[in-house]
Structure formats: C-alpha cells, structure tokens
Amino acid sequence: MKAILFLLLIASQLLSFAQKFEANYDEAKMPAYSLPDPLKFNDGSQIVGKKDWTRRRSELYKIFETEVFGVTPDWKGALEVTKLSLKEDALNGLAKRKEVRLEFKKGEQKVAITVLIYLPKKSKKGPLFVGYNFDGNHTTTTEADVLKPDSWVANNKELGITDHRANEAGRGKSSSGWPLKEILKRGFGVATAYYGDVDPDFNDGFKDGIHPLLDTKRDSTSWGSIAAWSWGLSRIMDYLTNDKDVNAKKIIVIGHSRLGKASLWAGASDPRFAMVIANNSGCGGAALSKRIYGETVGSINSAFPHWFCDNFKKYNRREDLLPIDQHELLALIAPRPVYIASAQDDKWADPKGEFLSCVYASPVYEFLGGKKFPAMEMPPLNTPAIGDISYHIRPGKHDITLYDWNCYMDFASSYFRVKTN
Ligand code: GTR
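Summary of the structure given here. (Residues numbered from 1 in each chain as written. Predicted model: local features only at pLDDT ≥ 70, side-chain atom pairs only at ≥ 80, totals over all residues. Heavy atoms only, no water.)

Attention shifts here to the environment of Arg 97. Along the chain, the position of Arg 97 falls in strand β2 (residues 95-106). For Arg 97, a relative accessible area of 2% corresponds to the buried category. It is 39 Å that separates the C-alpha atoms of Arg 97 and Thr 66, two residues lying 31 residues apart in sequence. Leave out the neighbours within four places in its chain, and Arg 97 touches Ser 85, Leu 86, Lys 87, Ala 90, Leu 116, Ile 117, Tyr 118, Glu 143, Asp 145 and Val 146. A distance of 2.9 Å separates the side chain of Arg 97 from the side chain of Glu 143, its partner in a polar contact. Among the polar contacts listed, one links the side chain of Arg 97 to the side chain of Asp 145, at a separation of 3.0 Å. (Helix = DSSP H or I, 4+ residues; strand = E, 2+ residues; numbered from the N terminus. Buried < 20%, exposed > 50% of the residue type's maximum accessible area, 1.4 Å probe, protein only. Contact = heavy atoms within 4.5 Å. Polar contact = N/O pair within 3.5 Å; in protein donor to acceptor, adjacent residues only side chain to side chain.)

This is how it looks when you write it as structure tokens:
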C-alpha cells in the first residue's frame, strides 16, 4: 500500500513538474492581455510634463524593485582596488591590457571581482563595452596569461570542469562571443568580469557571493542574483570612472541571456551607463511577460528561484496580475539608447515579445524628445531597426555572435562618432 501511495505521489509530482514547464509556442494560444501604460501614473492619471516623468519613473522603478528584481541594499563600504597586471602590447600590439581586482569586505567575509580590460592602442579614450562573461575571464581570450577565476564555477563537460574550479581547458572557449580583435580594431575598449565573482549562480539561500555582505535582513522584496550582478556592474563602473585611460561618459553595458537581464537592470538603476545592450535576454529581460510565450514567469522562477525577489513568484501562472511589463524596464533607461536583439531559433526567449517591448517603450522615448522606434512589425532577418531604441533579429540559435557585435558597434560608432582605426 505504502509503495503504491509513494508511486502515486511521484507520478503526481512528475505531472505537475511537466505542466509547469510546458511552454507555449503558439501565438493563437496566448491569452488576451493588456499592457500597462508607462505614461500613466499608478492611479491612472496621465503624465503631462517632463517633471511628471521623474515622478512616474520612480513609481515604475519601485515596482520593478519590490515585485521583480528585489531591492538592492545601499553599499556604503569602500572599494579596494588592486592592480594585478598591465601589458602594453596585448593581442599582438593591438591593445593595452589590465587586470584589476575590486574587493569588498565585511568582517571576515569578502568578495572580489577580477576585471579584465582591453583598451585599443590606437584610439585613446573611445567608448568601452562592459559586460560579464559566463565562465571566467580566461574563456574570453586565447592569451595564456589572463587569470582564471578563483571563485565557484558551474561544472561543465565542454570546459572540463568537474570540481567547480576553473582550469586551463576553458581558455579561449568563449572567444567567439568576445570578438576582441574586431572590437579593438574598431576603436572600442572592453571590460569583462566573471559574473560568479559577484554571486555564484546557484540557489544557496543567499549565503555566498555579495548578498551576505550587504543584507541586514531578508524579506519578499530582497534582491536576487540578477540584481546582485547588476550591482557588480555598477561597482565596475565605479572603478572605470577613476581609470584615467577610460572615458566614463562613453560606457556601454552589454549582456547576453541572463546577463542581458542584468545589463538591463544595471542600465535602469545606474544612469552612468550611456548605452544599454541586451542580447537574447528573454523572460525577465526584454521579453513581455504577459504574452505567455516560451519561458514564463512560473518556469523561470522554478528553474532559477534565486534570480528574482520572492514577490516575483506571486506572478507564477498569474502574469495577468503583474503591475508592470518588460517594455517599462526599457522605458526606465530612456532617454539613453538601448539596443535589444533576438535570434530566430531562440523561441524560449520569445523574439516577438522582445521586439514588442521596443514598440511599447517607444512612447516614453518620444515623450522625452527621442526618436520613435522605427518598426511597427518585426523587421526581416538581419535588418536592424535603428533609433534611440534599436532592435534586430538574426537567423540562428541563442548566442552572441560576431554579427550581433557588428550591429552593436555600428550603432555605437554612429552614436559616439567613433572613427575606425
Ligand atoms: C536559460 C534561462 C533563460 C536564459 C538562459 C541563459 O536556461 O531559462 O532565461 O537566461 O538560461 O542565461 O543562458
């Protein structure tokens, strides 16, 4: 009898698991939804002047904090910077390369972010991309002397990691997503760090990474891992504003996938980022949640319970109750330029939902004197729609490719008036 009950229990759990994760890929099966209007206050009144936008913006920001990403505690501590290396002729003389360690301490606990920076030798103080990598700085480059992370990394067959420690097998393995030579030749700098330095990406009850150093108590509005990664981007920005080789007014925050979600929240939270790029950022990033297409709020919260605040779980299967949607995350970045990109086969991230966020964020950019987003329909493949909000979709899978980077660089070159070497 006990055995039968046990089997029934397992079967019912498997069923609910399967139900939870069943993704909809049929537009016809999407529920009817209506999106909140970013230009209306929470009480329904219309915003009129630009001053109203400041007030409306803080209303919106607060909702994203308390219902989606969680509230980031104030950081009042000091940032300790250690220069780890300097190479004047990296990448065959193309770049000056630095590694710096940014250290945060509370009692015995400490968190250190190692930032790898490449600056073009030929053009000084041009724009610089800052973004995280997934597996360690050494995976972004084939250069043999770039440091590997000391922190926890995910086990990964391809990178030969079985003990949560980075090793030499990973060196250069992500270099296709970091086309350093192409970026540097076009006059851009790059700063990257391993995202797990800030908060290892697993559900540990916020015991490791930066959370315990800043948290006093935790509740349903406390910050999750995405907010922590965004916080780390701002700390890298703190460093960059003091680096005399860098023009702090031309810093572009970029991220792919979960790190695209982090770059959007960093851009919304920190106005020092002059431009924001989110590549294939999907659910919780640029994709509209209320469409219920591909990854949903319920599925992301089940697979990654540590990414958002606990309040976000209230909207599992109840996206209709969300007081915001992701077009308003883009609106929080206005009037600074934002570039969203999708991949055709990346249905899980809902390319159309990413595109529609651009359409529905446009009224805020226009209200602030910016350009209207130039597309009402999804543009054809490989045909970027360029404006203060820009968007493209390319063929292929979930990834960040040279094509994506070239689009971002074309856009940033014209925005920052970069001369190619
Ligand atoms: C997926 C997740 C997505 C996306 C992706 C990634 O498993 O469901 O939201 O963030 O990971 O970061 O690669």
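What follows picks up the thread again.
Working note: non-glycine residues mostly have negative phi, and peptide bonds are mostly trans. For the bond running from Ala 334 to Pro 335, omega is 5°, close enough to zero to count as cis. Secondary-structure assignment places Pro 335 in the loop between α9 (327-331) and β8 (338-343). Even without being glycine, Ile 292 reaches a positive phi, approximately 50°. With respect to the helices and strands, Ile 292 occurs in the loop between β7 (275-279) and α8 (297-303). Located in the positive-phi region is Asn 382, a residue other than glycine, with phi close to 55°. Its location among the elements puts Asn 382 in the loop between α10 (351-367) and β9 (389-394). Exposure remark for Asn 382: the relative accessible area of 38% places this residue in the partly exposed category.

With mixed pairing, the 9 strands of this open sheet are ordered in space as β1-β2-β3-β5-β4-β6-β7-β8-β9. Each of the sheet's edge strands pairs with one partner strand only, and the pair in question is β1 (80-89) and β9. The mean inter-strand angle of the sheet, taken between neighbouring strand axes irrespective of direction, is 15°. As defined by bridge partners, β7 adjoins β8 across 4 bridges and the pair is classed as parallel. (Pairing = 2+ DSSP bridges. Axes fitted to C-alpha atoms, helices over the stretch in contact; angles between N-to-C directions.)

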